[in-house]
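# Results of the structural survey
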Amino acid sequence: MAAGWFSNDALPVTILATEYPELLVEARTMSVNNDHDQGIGDETATPFEATWAWKGGGIAGFLATVVMGTVISVMHLPTLQLAIAGLYGQSGNLIAGWVAHLVHGTLFGMIFALLLSAPGLYRVTEWYWKTIVAGIVFGMMLAVVGAGIIMPIWLGVTGFSTPPPIPNVTTPLLLWHLIYGLVLGGLFPVLEDN
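A quick note: this is a predicted structure, and the numbers were derived from the prediction, not measured.

## Remarks on the overall build of the protein
Across its full length, the protein carries eight helices and zero strands. For the protein, the sequential pattern of α-helices and β-strands runs α-α-α-α-α-α-α-α. The 194 residues of the protein split such that 34% are buried. Of the contacts formed within the protein by residues at least 6 apart in sequence, a portion of 67% connects residues at least 24 apart.

## Some remarks on helix α8 (residues 171–191)
The terminal C-alpha atoms of α8, which comprises 21 residues, lie 30 Å apart, in line with the 30 Å expected from a rise of 1.5 Å per residue. All buried positions along α8 are accounted for by L173, W176, H177, I179, Y180, G181, L184, G185, G186, F188, P189 and L191. Those residues of α8 hidden inside the fold are in contact with α4 (54–76), α5 (78–86), α6 (94–116) and α7 (128–157).

## A closer look at the pattern of salt bridges
Within the structure shown, the criterion is met by one salt bridge. Residue E126 is joined to R123 by a salt bridge in which the shortest nitrogen-to-oxygen separation is 3.0 Å.

## Quick look at the packing of aromatic side chains
By the definition in use, this model includes three aromatic pairs. Geometrically, the ring pair formed by Y88 and W154 is edge-to-face, given 5.3 Å between the ring centres and 75° between the ring planes. You can see Y88 sitting in the loop between α5 and α6 and its partner W154 sitting in helix α7, a full 66 residues away along the chain. Note on Y88: relative accessible area 44%, which makes it partly exposed. W154 gets classed as partly exposed once you look at its relative accessible area, which sits at 31%. Aromatic pair F112 and F188: ring centres 5.7 Å apart, planes at 80°, arrangement edge-to-face.

Rules used in this analysis
All residue numbers here refer to positions counted from 1 along the written sequence of the relevant chain. Note on the predicted model: pLDDT of at least 70 is required for a residue's local features to be given, and 80 or more for side-chain atom pairs to be given and counted; whole-chain, interface and lining totals, by contrast, use all residues. To obtain the side-chain values, all non-hydrogen atoms of the structure were used and water was disregarded. To qualify as a helix, a DSSP run of H or I must reach at least 4 residues; to qualify as a strand, a run of E must reach at least 2; elements of each kind are numbered from the N terminus. Buried, partly exposed and exposed residues are distinguished by accessible area as a fraction of the type maximum, computed with a 1.4 Å probe on protein chains only: under 20%, between the cut-offs, and over 50%, respectively. Contact definition: two residues touch when any of their heavy atoms are within 4.5 Å. One less than the residue count of a helix, multiplied by 1.5 Å, gives the span that helix is expected to have. Counted as salt bridges are all cases of a side-chain nitrogen of Lys or Arg within 4 Å of a carboxyl oxygen of Asp or Glu. Ring geometry is summarised as follows: Phe, Tyr and Trp rings, the Trp one being its six-membered ring, pair when their centres sit within 6.5 Å, and such pairs are stacked at plane angles under 30 degrees, edge-to-face over 60 and tilted between the two.

Pasting the structure below:
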């Protein structure tokens, strides 16, 4: 409504200026503030213009999986060699376990990036600590839902000899996914623009 007063119709502006000069000043101030609030002239993205930083998410996910996989290898190598490889019928094949784990971690990193591009979360990466917290929450969700529930079901379907019980949420499993989430959340803000 105010834009119409200032663009084409000079008569209402003249009447307002002579009878109520304080309103004209307020209207101009409001227009300038609205332009600033709406990001006009800014290069900041609005919630619906946020982009999916899938490359940064993939790289952060891959690196987080390397760190997590190294810790798994030191603590309990059969997890990679038997269980993760067993998801694809390759139980006992350490290379297959590593490849499957790296692919999963990379894809989950991309999903993490997609979640953070959602309208309600797109500015989380402006605060480094919030991205780390988001990574930890995401890692814990993967531990409970992915590795704790879906993985035992998947292993049972593929014919794994001794699938773990459901839910399979153990202290090492939570620790490994905590490490994944911590590294993912720590690296993503640095890599999201790449």
